[in-house]
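Structural description and commentary
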Amino acid sequence: MHIITTFMTCIKEWARISFVQFMTNEVGAVPSSLTDDFDALLSTTLRSYQPRMRDNITRSNKWLAYMEEYGKFRRQDGGERVQVPLMYGLSSTADIYSGYGTLDTTPQDGITSAFFDWAQLAVSVSISRKEERQNSGRSRIISLLGAKTEQAEASIKELLDACVVGGRITASSADGQFLRRIGRSDSGALGPYPLAALIDTLPSRSVAIGNINGNTYSWWRNQFASSSATTFAGYRAELVNMYNLCTKGTNGAPDLMLSDAVAWEQYWGGLANFERFIITDAKKTQVLGGTTALAFMKAAWVWDELVPDVETNAEIYDAIGTVSASTVFFINSQAMEYIVDSQTDFITTDFMRPENQDARVAQILWMGATGVNNRRKNGVLDGITRTAITS
């Protein structure tokens, strides 16, 4: 409803501009055709909703919404791909000295870069001539555009979540590799990296992430553990241990935990009433979509229905494999990367008429990348039982 309300505010302004253009036509000729005016009305109205639509889409994904507010989020002005500076070693020149003591100036390694390819998402908003005629009149066509835009927004929300949370597998196999999603129409097009690829259930898997192979470089491996807990005390101990593994070293601790609903409910159900700590920070709650977030140590713990079973290997969106165990990702937002192209952040194009269709079509476009700058600061606990955990 809010979309339609926003669109309706554009009608009076469009009518005023059209009237002024008609009255001030320099040569007294017939003003621009109704088709041009109609396309302009649709394009202007859709464009007016772009900022709110962009916020709605981003906020629908808890990980990206959190990254945008608290993590390594930035806009980049194009480029062939995204470069992420990395520090994989400390300087050996750090020392204690006194007065005129000699300072160590030995040249140091320990700095490199990871590279992540751009991914592009699109969804079309189309209105056929038949729909135009069935909804003739400015108010009715604006209402139709509002409904079409809501449909497009919901569709690209789902696609974005499927890309960055769900990921893709080709077949179900124990601890199998999660891949970037591919385009339906263009099988050569790849989506952004999913969490299960950036935070791998097999950290030493021989696969390049950001152009660096974790099998070759041990410093490019995330933390991992498989659960064997059958009691709540054991489950909590495993969660604490993974949290602490991710906290070792500099650059802080995980501040976001993302799991499937069962893992979240298992923990919630095991807490005594007086222990049921939830995030009360108004800003953080708003960023996470108003959802109930558990407070675990210093992290906000939320769930997403597309979080896969990374142990027995089941991907939810395409219903590949059978979910047999639950998964919890431990995310340090300062060790992850979310980058969008500054000119393609859920923008809207003008309405155009295709050569082979009796319709008007506009697109909502996004170009961005997900990545990581320090895999050691992130972790995953998999294999969590989905049967009731006793105290």
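Being a predicted model, the structure only gives us computed values, none of them experimental.

Conventions we followed
Per chain, residue numbering runs from 1 following the sequence as it is written. It should be noted that, the model being predicted, local features are given only for residues of pLDDT at least 70 and side-chain atom pairs only at 80 or more, the latter also being counted only at that level, while totals for whole chains, interfaces and linings use all residues. Side-chain measures here rest on the full set of heavy atoms in the structure, leaving out hydrogens and waters. Only DSSP runs of H or I reaching four residues or more are called helices, and only runs of E reaching two or more are called strands; each is numbered from the N terminus. Burial classes follow relative accessibility: with a 1.4 Å probe on protein chains only, a residue under 20% of its type's maximum area counts as buried, one over 50% as exposed, and anything between as partly exposed. Residues count as neighbours in contact if any of their non-hydrogen atoms are within 4.5 Å of one another. In this description, accessible areas are obtained by the Shrake-Rupley approach with a 1.4 Å probe, and a residue is regarded as covered only by the protein chains that are shown. Two strands form a pair only when DSSP identifies at least two bridges running between them. The way it works is a 1 Å grid over only the protein atoms, where trapped points that fit a 1.4 Å probe form a cavity and open points with protein on both sides within 12 Å along at least five of seven lines form a pocket, and then any residue with an atom within 4 Å of a point lines it. Grid points are joined across faces, edges and corners, and a volume is the space filled by probe spheres set on the points. For this scheme, ten residues count as nonpolar: Ala, Val, Leu, Ile, Met, Phe, Trp, Tyr, Cys and Pro. Four count as charged, namely Asp, Glu, Lys and Arg, and the remainder, Gly too, count as polar. The term polar contact refers here to a pair of N or O atoms within 3.5 Å; inside protein, the definition further demands a hydrogen-donor-capable atom paired with an acceptor-capable atom, and it admits residues adjacent in sequence only when both atoms are side-chain atoms. Residue-level confidence of the predictor is summarised by pLDDT, bounded by 0 at the bottom and 100 at the top. Note on terminology: a nonpolar core comprises buried Ala, Val, Leu, Ile, Met, Phe, Trp, Tyr and Cys residues joined through side-chain atoms within 4.5 Å. Here an axis means a line fitted to C-alpha atoms, over the contact stretch when the element is a helix, while the angle between two N-to-C directions is reported on a 0 to 180 degree scale. Crossing handedness: left-handed means the near helix sits turned counterclockwise from the far one by under a right angle, and right-handed means the same turn made clockwise.

Let us now look at the overall build of the protein. Secondary structure assignment for the protein yields 10 helices and 14 strands. Across the 391 residues that make up the protein, the buried fraction comes to 46%. A separation of at least 24 residues holds for 74% of the contacts in the protein among residues at least 6 apart in sequence. Here the protein displays about 19400 Å² of accessible surface, and carbon together with sulfur accounts for 51% of that area.

Right, let's talk about the pairing of strand 14 (residues 379–384) for a bit. Of all six residues in strand 14, six are buried; the element is thus mostly enclosed. In terms of strand pairing, strand 7 (residues 223–226) meets strand 14 through four bridges, oriented parallel. Bridging from a neighbouring strand, Phe224 pairs with Val380 of strand 14. As paired elements, strand 11 (residues 326–331) and strand 14 share four bridges and run antiparallel to each other. Counted as the bridge partner of Val328 is Leu381 from strand 14.

Below, the discussion takes up the layout of surface pockets. Size it by volume and the largest pocket reaches roughly 700 Å³. Around the largest pocket sit 24 residues that line it, and Leu121, Ala122, Leu159, Gly183 and Arg184 are the ones nearest its centre. Contributions of two or more residues to the lining of the largest pocket are made by strand 4 (119–128), helix 6 (138–166) and strand 13 (359–372). For the lining of the largest pocket, a count of residues per class yields 14 nonpolar, six polar and four charged.

In this fold, Asp345 is placed in strand 12 (residues 336–348). Engagement of the side chain of Asp345 in a polar contact is seen with the side chain of Arg75, the distance being 3.1 Å. With residues up to four places along the chain from it excluded, the contact list for Asp345 reads Arg54, Arg75, Val340, Leu365 and Trp366.

Of the residues in the protein, 85% reach a pLDDT of 70 or more, and the chain-wide mean stands at 84. With pLDDT under 50 throughout, residues 10–35 is counted as low confidence; its partners more than four residues away or in other chains account for 14 contacts.

Attention now moves to the nonpolar core. It is characteristic of soluble globular proteins that their nonpolar side chains tend to be buried jointly. Trp63, Leu198, Phe329, Ile331 and Met336 are the most contacted members of the largest nonpolar core, which has 68 residues in total. If one sorts the elements of this core by residue count, helix 6 sits on top with 11 residues. Residues in contact with Met336, not counting those within four places in the same chain, are Trp63, Met67, Lys72, Leu195, Leu198, Ile199, Ile331, Gly371, Val372, Asn373 and Asn378. The next biggest cluster of nonpolar side chains, apart from the first, holds 21 residues, and it includes Phe232, Leu239, Tyr267 and Leu294.

Attention now goes to the packing of helix 3 (residues 50–59) against helix 6. Closest axis-to-axis distance for the helix 3/helix 6 pair is 9 Å, and the angle between their directions is 35 degrees. Here helix 3 runs over helix 6; the crossing is right-handed. Here Met53, Asn56 and Ile57 of helix 3 come into contact with helix 6, specifically with Thr149, Glu153, Ile156, Lys157 and Leu160. Counted by class, the contact of helix 3 with helix 6 contains four nonpolar, two polar and two charged residues.

On the secondary structure map, Asn135 appears in the loop between helix 5 (129–134) and helix 6. Not counting residues within four places of it along the chain, the set of residues in contact with Asn135 comprises Arg140, Ile141 and Leu144. Side-chain polar atoms of Asn135 contact the backbone oxygen of Glu131, separated by 2.9 Å.

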